[in-house]
Amino acid sequence: MLGEKKYFLFDIDGTLAVDTTLYDGTKEFLEWIEETGGRCFYITNNSTKSRKDYVEKFKNWGIRTEESQFMTASYAACLYLKKYYEGKKIFVLGTPSFIKELKEAGILVTEKAEDHVDCVLVGFDSTLNYDKMTDACRLLFQKEVDFLGTNPDLRCPASFGFIPDCGAICRMLEVTAGRKPYFIGKPNRLIADLCMQQCKGSTEEYLVVGDRLYTDIACGIEAGIETAVVYTGEADPEEVRTSIWKPDYAFDTIRQLYDAVRKARGEGAGR
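Below, the structure is looked at part by part. Think of each chain on its own: its residues are numbered from 1, step by step along the sequence as written. Side-chain atom pairs in this predicted model are given and counted only at pLDDT of 80 or more, local residue features only at pLDDT of at least 70, and totals for whole chains, interfaces and linings cover all residues. Side-chain descriptors were evaluated using all non-hydrogen atoms of the structure, hydrogens and water having been removed beforehand.

**Comments concerning helix H4 (residues 96-104)**
Now for step 1: Remark: exposure states derive from per-residue accessible area (1.4 Å probe, protein chains only) relative to the maximum for the residue type, with buried under 20%, exposed over 50%, and partly exposed in between. Each helix corresponds to a stretch of at least 4 residues labelled H or I by DSSP, and each strand to a stretch of at least 2 residues labelled E; elements are numbered beginning at the N terminus. All buried positions along H4 are accounted for by Phe98, Ile99, Glu101 and Leu102. Angularly, the buried residues of H4 cover 160° about the axis, an arc narrow enough to put them on a single face. Residues of H4 that are exposed and point over 90 degrees away from its buried face: Pro96, Lys100 and Glu104.
Now for step 2: Throughout, a residue-residue contact means that at least one pair of heavy atoms, one from each residue, lies within 4.5 Å. If you follow the buried residues of H4, they end up packed against helix H2 (51-60), helix H3 (73-84), strand S5 (89-93), strand S6 (108-110) and strand S7 (119-122).
Now for step 3: Immediately downstream of H4, the backbone of Gly106 shows phi near 90°, a positive value. Directions pointing from the helix axis toward each C-beta atom define the arc.

Set out below in structure tokens:
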């Protein structure tokens, strides 16, 4: 039930904002959650920015946040590599910010197809070029080299429509090298679990909110949390009707979700 929700796990791109523009109702909703004793988390598959970058981005929107509220695909990748690839060399196809975050976490990173590489890690890379793709392929044709991706999203919302995301980059490598990646970010429930570990609330108190069914909604379902889709990004009602990933709630906008949550709590509409 919406009236029980206290902890909200929001996707960002296509859900709360597009590019640098917040959607109507986003700021009011996030502030209301914190003011009423709840907690906002941001579970994004965008690996181009670190958690520090996101704190600054939200600050520019006039929204106060802490690093611990952001469970990004890049942060999840750091934790995963620390657990399974400690001391091993990782070839990274990603942005400078992503690479910096990995290095600060103590990951041994290379951007060249060197000897003794144990794993290829692919992120959403806005600095992508053909040389990077060639190096990645050179390594992936070595069967002892593992293949990881930060997230399976095929496209990322932009003001004019969409641009290729990590999943699309991985798809190019997959059809070229004949290798399928293991994805660390959504729909992997790891990101949702990291949020729930902070608050210790019951699953009934959580809600995952996103615009994409096969990542956002699937992540909530995998974690046993109720989900809400908003139709400001990729998903639309027809996709919801035919998808195996069924959200518990659906709204045209984040403003409509905000109003519905307040109504469920016996309050008036949003500010």
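**A closer look at the sheet that holds strand S4 (residues 39-42)**
Whenever strands of a sheet pair, they do so through backbone hydrogen bonds, lying parallel or antiparallel.
Now for step 1: Pairing within the open sheet is parallel, and its 5 strands lie in the order S4-S1-S12-S13-S14. For this open sheet the edge positions go to S4 and strand S14 (249-251), each flanked by a neighbour on one side alone. Neighbouring strand axes in the sheet, compared pairwise and without regard to direction, differ in orientation by 20° on average.
Now for step 2: Pairing geometry for strand S1 (residues 7-10) and S4, over 4 bridges, is parallel. Paired with Phe10 across the strands is Tyr42, a residue of S4.
Now for step 3: Against the sheet, helix H1 (residues 26-35) touches S1 and S4, its axis set at about 130° to S4. When DSSP finds two or more bridges between a pair of strands, those strands are recorded as paired. Note on geometry: axes are C-alpha line fits, over the in-contact stretch for helices, and angles between N-to-C directions span 0 to 180 degrees.

**Remarks on the pairing of strand S12 (residues 206-210)**
Now for step 1: Burial runs high along S12: 5 of the 5 residues are buried.
Now for step 2: Bridging between S1 and S12 involves 4 bridges; their strand directions are parallel. The partner of Leu9 across the bridge, within S12, is Val208.
Now for step 3: Looking at chain direction, S12 and strand S13 (residues 226-230) are connected through 4 bridges and run parallel. Paired with Gly210 across the bridge in S13 is Val229.
Now for step 4: By convention, orient the strands away from the viewer: a clockwise path from the first strand over the helix to the second makes the crossover right-handed. Each parallel crossover has a hand, and for S12 linked through helix H8 (residues 213-223) to S13 it is right-handed.

**Digging into the nonpolar core**
Now for step 1: Ranked by internal contacts, the top residues of the largest apolar core, which has 32 residues, are Leu9, Leu102 and Leu121.
Now for step 2: Within the residue set of this core, elements represented by two or more residues are S1, H3, S5, H4, S7, helix H7 (190-199), S12 and H8.
Now for step 3: The residues touching Leu9, leaving out its near neighbours within four places in the chain, are Phe41, Ile43, Ala192, Cys195, Tyr206, Leu207, Val208, Val209 and Ile225.
Now for step 4: Grouping buried Ala, Val, Leu, Ile, Met, Phe, Trp, Tyr and Cys residues that are joined through side-chain atoms within 4.5 Å yields what is termed a nonpolar core. If you look at the next biggest cluster of nonpolar residues, it comprises 30 residues, including Tyr42, Tyr249, Ile254 and Val261.

**Focus: the sheet that holds S6**
Now for step 1: Spatial strand order, S6-S5-S7-S8-S11: 5 strands in an open sheet with parallel pairing. Whereas interior strands pair on both sides, the edge strands pair on one side only; in this sheet they are S6 and strand S11 (182-183).
Now for step 2: In the sheet, S5 pairs with S6 via 3 bridges, with the strands oriented parallel. Its bridge partner lying in S6, Ile90 is registered against Val109.

**Quick look at the environment of Asn45**
Now for step 1: As for its placement among the helices and strands, Asn45 is situated in the loop between S4 and H2.
Now for step 2: When its relative accessible area of 2% is taken as the criterion, Asn45 is described as buried.
Now for step 3: Once the C-alpha coordinates of Asn45 and Thr150 are considered, the two residues, 105 residues apart in sequence, prove to be 7.2 Å apart.
Now for step 4: Filtering out sequence-adjacent residues up to four positions away, Asn45 remains in contact with Ala73, Asn151, Pro152, Asp153, Gly185, Lys186, Ile191 and Thr215.

**Description of the packing of aromatic side chains**
Now for step 1: Within 6.5 Å between ring centres, the rings of Phe, Tyr and Trp (the latter by its six-membered ring) count as paired, and their orientation is classed by plane angle as stacked under 30 degrees, edge-to-face over 60, tilted in between. A full pass over the atoms with the stated rule returns 15 aromatic pairs.
Now for step 2: Centroid distance Phe8 to Phe29: 5.5 Å. Interplanar angle 70°. Geometry classified as edge-to-face. Residue Phe8 is found in strand S1, and its partner Phe29 is found in helix H1; the two are separated by 21 residues along the sequence.
Now for step 3: Looking at Phe8, the relative accessible area reads 0%, which means it is buried.
Now for step 4: The interplanar angle of 45° and the centroid separation of 4.6 Å between the aromatic rings of Tyr80 and Tyr84 together place this pair among those described as tilted. A residue pair is termed a helical-turn pair when its members lie 3 or 4 positions apart in one helix, as Tyr80 and Tyr84 do in helix H3 at 4 residues.

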